[in-house]
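Commentary on secondary and tertiary structure
Here is how the chains run, residue by residue.
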Amino acid sequence: MSNNRAADEAAIQAVLSDSYKAWAAGDADAMVANYTTDATAIMTGSLRDSRAVIRHIMALAFEGPLAGSSTYNKQLSIRFLGQDAALVISESAILFAGETEVPGDERKVNATWVFEKRDGQWLIAAYHNSPVLASAQ
C-alpha cells in the first residue's frame, strides 16, 4: 500500500470510529456528520434515502429502542475503487444497554460501507447490512 492509500485508509477508519462513538453517545447529528447529503442506508425491510432521513430515524431510535446502546464492529476488508471511492466490509452488531459483548451470532450482520472522497474528505455514501447466516460461518 502506498503512503497515500495508508493515509486514506486511516481517514476512512477515523470516519467509522467517529460514527461508532456518536452511536454510543446517542448522537444522531454526529453519527451522520460524515455522510453525504444523498447517502443511502439499507437494512432488512428499510431504505433510508438521504442523510436527513438517516439522522431522523436514528434520533428516534436513540430515544427509544436503541437508548444506551453501542455497537460491536470488526473491519473485515477495505478495497479502493479508483482514487475517490472505497468499499469497506465489516461484521457488526448492536450492543443493547448493559451488554458488553454480542450474546450470539444471530445478532451479527455483515455490512458494506461505500465511501466517496469529496473535496479531500472521505464521506459515507452508502451503507447496507444483512444478517449473518449461521450456515454461512
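Residues numbered from 1 in each chain as written. Predicted model: local features only at pLDDT ≥ 70, side-chain atom pairs only at ≥ 80, totals over all residues. Heavy atoms only, no water.

**Regarding the side chain of R5**
- Counting through the fold element by element, R5 comes out in helix α1 (residues 3-25).
- A polar contact is formed between the side chain of R5 and the backbone oxygen of G82, at a distance of 3.0 Å.
- Only 3.2 Å separates the side chain of R5 from the backbone oxygen of Q83, close enough to count as a polar contact.
- Non-local contacts of R5, meaning those with residues more than four positions away in its chain, are made with F80, G82, Q83 and W122. (Helix = DSSP H or I, 4+ residues; strand = E, 2+ residues; numbered from the N terminus. Polar contact = N/O pair within 3.5 Å; in protein donor to acceptor, adjacent residues only side chain to side chain. Contact = heavy atoms within 4.5 Å.)

**Considering the nonpolar core**
- Core analysis: the biggest nonpolar cluster contains 27 residues, and Y35, M58, W113 and F115 have the highest contact counts within it.
- Those residues in contact with M58 that sit more than four places away from it in its chain are W23, A28, M31, R48 and L66. (Core = buried A, V, L, I, M, F, W, Y, C linked by side-chain atoms within 4.5 Å. Buried < 20%, exposed > 50% of the residue type's maximum accessible area, 1.4 Å probe, protein only.)

**Looking at the packing of aromatic side chains**
- As enumerated under the stated definition, the model contains four aromatic pairs in all.
- Between the NZ or CZ atom of R5 and the centre of the ring of F80, over which it lies, the distance is 4.0 Å. (Phe/Tyr/Trp six-rings, centres within 6.5 Å; stacked < 30°, edge-to-face > 60°. Lys NZ or Arg CZ within 6 Å of the ring centre and 35° of its normal.)

**Some words on the sheet that holds strand β3 (residues 70-80)**
- The strand order across the open sheet formed by six strands is β2-β1-β6-β5-β4-β3, and the pairing between neighbours is mixed. Looking along the sheet, the strands with just one partner apiece sit at the ends: β2 (46-48) and β3. The average undirected angle you get between the axes of adjacent strands in this sheet is 20°.
- Two elements, β3 and strand β4 (residues 85-95), share 10 bridges in a ladder whose sense is antiparallel. Pairing of I78 across the sheet is with V88, part of β4.
- Packed on one face of the sheet, helix α3 (residues 51-63) meets β1 (35-43) and β2 and runs near 55° to β1. (Pairing = 2+ DSSP bridges. Axes fitted to C-alpha atoms, helices over the stretch in contact; angles between N-to-C directions.)

**Quick word on the pairing of strand β6 (residues 121-131)**
- Note that β1 and β6 share four bridges and pair parallel. Bridge assignment links T40 to a residue of β6, and that residue is A126.
- Where strand β5 (residues 109-118) and β6 come together, 10 bridges link them in antiparallel fashion. Bridge pairing in β6 links N110 to S130.
- Counted between consecutive antiparallel strands, the loop separating β5 from β6 contains two residues, among which D119 sits at a positive phi close to 50°.

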